[in-house]
Amino acid sequence: MSGRVLVGVKRVIDYAVKIRVKPDNSGIVTDGVKHSMNPFCEIAIEEAVKLKEKKLIKEVVAVSCGPQQSQETIRTALAMGADRGIHVEVTGKDYEALGPLQVSKIMAALAKKEDAQLIILGKQAIDDDCNQTGQMTAALLDWPQGTFASEVALEGDKVKVVREIDGGLETIKINTPAVVTADLRLNTPRYATLPNIMKAKKKKIANMKPADLGVDLTSRLEVLRVDEPPQRQAGVKVETVDDLVAKLREAGTI
Amino acid sequence: MAGLMTARRALGLCLRGRRSLSQLAELPETHQILRQTCRDYADRELTPIAAKLDKEHCYPAKQIQELGAMGVMAMEVPEELGGAGMDYLAYSLAMEEISRGCASTGVVVSVNNSLYIGPVLKFGTDEQKQQWITPFTTGERVGCFALSEPGNGSDAGAASTTARQDGDEWVLNGTKAWITNSWDASATVVFATTDKKLKHKGISAFLIPMPHPGLSLGKKEDKLGIRASSTANIILEDCRVPLSNMLGPRGAGFKIAMQTLDSGRIGIASQALGIAQAALDCAADYAHKRTAFGAPIGKLQAIQFKLADMAVAVESARLLTWKSALLRDSKKPFTKEAAMAKLAASEAATFCSHQAIQVLGGMGYVSDMPAERHYRDARITEIYEGTSEIQRLVIAGQLLKEYQS
């Protein structure tokens, strides 16, 4: 086993920022807006670094697909303890159209190239909420998947994953190599320590293009329109239960 | 020919200076990540509890330990001794972000870094560094700095605390006043006179563990602001320490104190910047949300002028602070610039917090909003680590020296 873990880290608009829709409804405003690492990707990096600290794996490689600024996200991952980074450069219209299908093709190609034992991803990104990349990556590689992980344990050449599902918790055991996606309760990501931030400067980030991996970025999706959610309307106060029932009948809900 | 030589020299100066000048315009990537990390920590862990810490006068022990684990409690200390091995620009950035979240936590960090570890790092022997620095890098222990006395603050040369040699021990007697961290500290740097006749040249520096026989603490002062950090007298009554506890040469105490305060000023300037920025953030946010006369008050010129003045005050103080840090990091003289930074930043903090309350109106006067706490926290920055008046004396002294022909 190579002992190598690939972790995908996505640069997204910071969770605390108020999102604004572009005046032409073609998308959301990203220029000059604060960006940071997707919170679920932070959890993924933390889990990988913890596995390395327990000496269960040998190397953590942080991967990000996007423009030049994605390198900042990779540096943050390096400061948290990843060993090296890979920046797959995607810019302009390609970047606007970049979605789970394209990213999972890139991750699959990298997994083969880097002989990865494990891929850990965030369960979803907070900008598109797709929750697809992990699943698609596993399918493209024909690898088992443990998604919505709240606990991950490496046991020899298998991984035990406790999954958060609607009914409660499900524990599965899958063979490696495998794809795991991190859910909220998997861990609490560390703050980068100052010495690690300094060390991160010396760690390598390799640059490549999707074409170098033989990946076709064509999207099967076209975004037609982006709208703000409708303004919340004022409600109506009623005096008695009879009034309430009458109003509900009026609205056709009962 | 002479003209060409002058031009070439000027170009050389420009190019050499470019690296540090551009750092004033845009921080290097590591410093940006560091700043963001500290800001995230402050936003998530300090801002939510700052009001409570202030109200309950509660020392933020857990947060200090977490900051220690990040390396923030010993930023300049080399890694071999347990520190983060970073430069003073990084320290200034960290201090500003932490103080923006909680000014009390900021002063605990600053005193430990600049006033306690600072002099030991600069003047201590290798054994002293191992004993007195390494345990104080993790956040589990903090130190303090005892220079002021009930009878003298600005007049530091008139120290009346005495130290006499008795065999293989120093015996200290006297009272130190206004000591930050005193109730939470595990060690202190104390300044006492070993030769009263030599006046300020007779003062020496000593390291005393806490608690220690002969060292007791006065009551915790009930302060206007920075209430989560403890401030009290340190009383020395026949307090005995080994001869090896003297820090630096005999009689060098005053010089050690002054040099330590030079660096400490950069830390406090950064704390003041954090408070000023927090006040500005509060006011600007309110200006967007509060409506009066049919529109957000941010549309009114009176409010806009205040916000603009606040922004200029903060940014100019910040550039002075960064410049003094960069000069110190390049091992150039920085006394004048550090004093300018501390003066500008502390006056920016009191100005911005005053105006922030004005922008918030009635809401600025109640504890529901943080503006009143910023106002109370800001006030001390013009007093400790050299009053604004002392800063002006330092600046004028350095300035006039430059003009001496």
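Thresholds applied
- Residues numbered from 1 in each chain as written.
- Chains lettered and ligands numbered in written order.
- Predicted model: local features only at pLDDT ≥ 70, side-chain atom pairs only at ≥ 80, totals over all residues.
- Heavy atoms only, no water.
- Salt bridge = Lys/Arg side-chain N within 4 Å of Asp/Glu carboxyl O.
- Helix = DSSP H or I, 4+ residues; strand = E, 2+ residues; numbered from the N terminus.
- Buried < 20%, exposed > 50% of the residue type's maximum accessible area, 1.4 Å probe, protein only.
- UniProt positions renumbered as here; feature names shortened; annotations may be inferred.
- Phe/Tyr/Trp six-rings, centres within 6.5 Å; stacked < 30°, edge-to-face > 60°.
- Contact = heavy atoms within 4.5 Å.
- Buried area = accessible area lost by both parts, 1.4 Å probe.
- Polar contact = N/O pair within 3.5 Å; in protein donor to acceptor, adjacent residues only side chain to side chain.
- Nonpolar A, V, L, I, M, F, W, Y, C, P; charged D, E, K, R; others polar.
- Disulfide = S-S within 2.5 Å.

1. Notes on the pattern of salt bridges
Turning to step 1, where the next piece is worked out: Under the criterion given, the structure shown has 39 salt bridges over all chains.
Turning to step 2, where the next piece is worked out: Between A:Lys52 and A:Asp83 there is a salt bridge, with its nearest N and O atoms 2.4 Å apart. Placement of the pair is A:Lys52 in helix H1 (residues 39-53) and A:Asp83 in the loop between helix H2 (70-80) and strand S5 (84-89), with a sequence separation of 31 residues.
Turning to step 3, where the next piece is worked out: Under the relative-accessibility criterion, A:Lys52 is labelled partly exposed at 26%.
Turning to step 4, where the next piece is worked out: Among the charged side chains, a salt-bridge network with shared partners connects B:Arg35, B:Arg39, B:Glu97, B:Arg100 and B:Asp281.

2. Looking at the UniProt feature "domain: Electron transfer flavoprotein alpha/beta-subunit N-terminal" (unreviewed entry) in chain A
Turning to step 1, where the next piece is worked out: In the numbering used here, UniProt assigns the "domain: Electron transfer flavoprotein alpha/beta-subunit N-terminal" (unreviewed entry) feature to residues 25-217 of chain A.
Turning to step 2, where the next piece is worked out: With 32% helix and 30% strand, the stretch residues 25-217 of chain A has end C-alpha atoms that lie 24 Å from each other.

3. A closer look at the packing of aromatic side chains
All names here are of chain B.
Turning to step 1, where the next piece is worked out: Counted under the stated rule, the structure contains five aromatic pairs over all chains.
Turning to step 2, where the next piece is worked out: Judged by centre distance (5.1 Å) and plane angle (65°), the ring pair of Phe145 and Phe191 falls under edge-to-face. In this pair, Phe145 is assigned in strand S1 (residues 142-146) and Phe191 in strand S4 (residues 185-193), connecting sequence segments 46 residues apart.
Turning to step 3, where the next piece is worked out: On the basis of relative accessible area, Phe145 is assigned to the buried category, the value being 9%.

4. Quick word on the interface of chain A and chain B
Interfaces are often sized by the amount of accessible area the parts lose when they come together.
Turning to step 1, where the next piece is worked out: Contact with chain A, which involves 15 residues of that partner, is made by 19 residues of chain B.
Turning to step 2, where the next piece is worked out: Here chain A meets chain B over a buried area of about 1,500 Å², counting both sides, of which 65% is carbon and sulfur.
Turning to step 3, where the next piece is worked out: Area buried by chain A at its contact with chain B is led by A:Tyr191, A:Leu194 and A:Ile197, which between them contribute 47% of it.
Turning to step 4, where the next piece is worked out: Where chain A touches chain B, the interface holds two salt bridges.
Turning to step 5, where the next piece is worked out: For the interface between chain A and chain B, the tally reads three residue pairs in polar contact (both at pLDDT 80 or more).
Turning to step 6, where the next piece is worked out: Elements represented by at least two residues in the side of chain A that touches chain B include exactly H2 and helix H6 (194-200) of chain A.
Turning to step 7, where the next piece is worked out: For the side of chain A that touches chain B, the per-class residue count stands at seven nonpolar, two polar and six charged.

5. Description of the state of the cysteines
Turning to step 1, where the next piece is worked out: The final tally for this structure, using the stated rule, is zero disulfides over all chains.
Turning to step 2, where the next piece is worked out: For A:Cys65, which is in no disulfide, the shortest distance to another cysteine sulfur is to A:Cys41 and amounts to 11 Å.
Turning to step 3, where the next piece is worked out: Since its relative accessible area comes to 14%, A:Cys65 is described here as buried.
Turning to step 4, where the next piece is worked out: Here B:Cys352 is not disulfide-linked; the sulfur of B:Cys282 is the nearest cysteine sulfur, at 12 Å.

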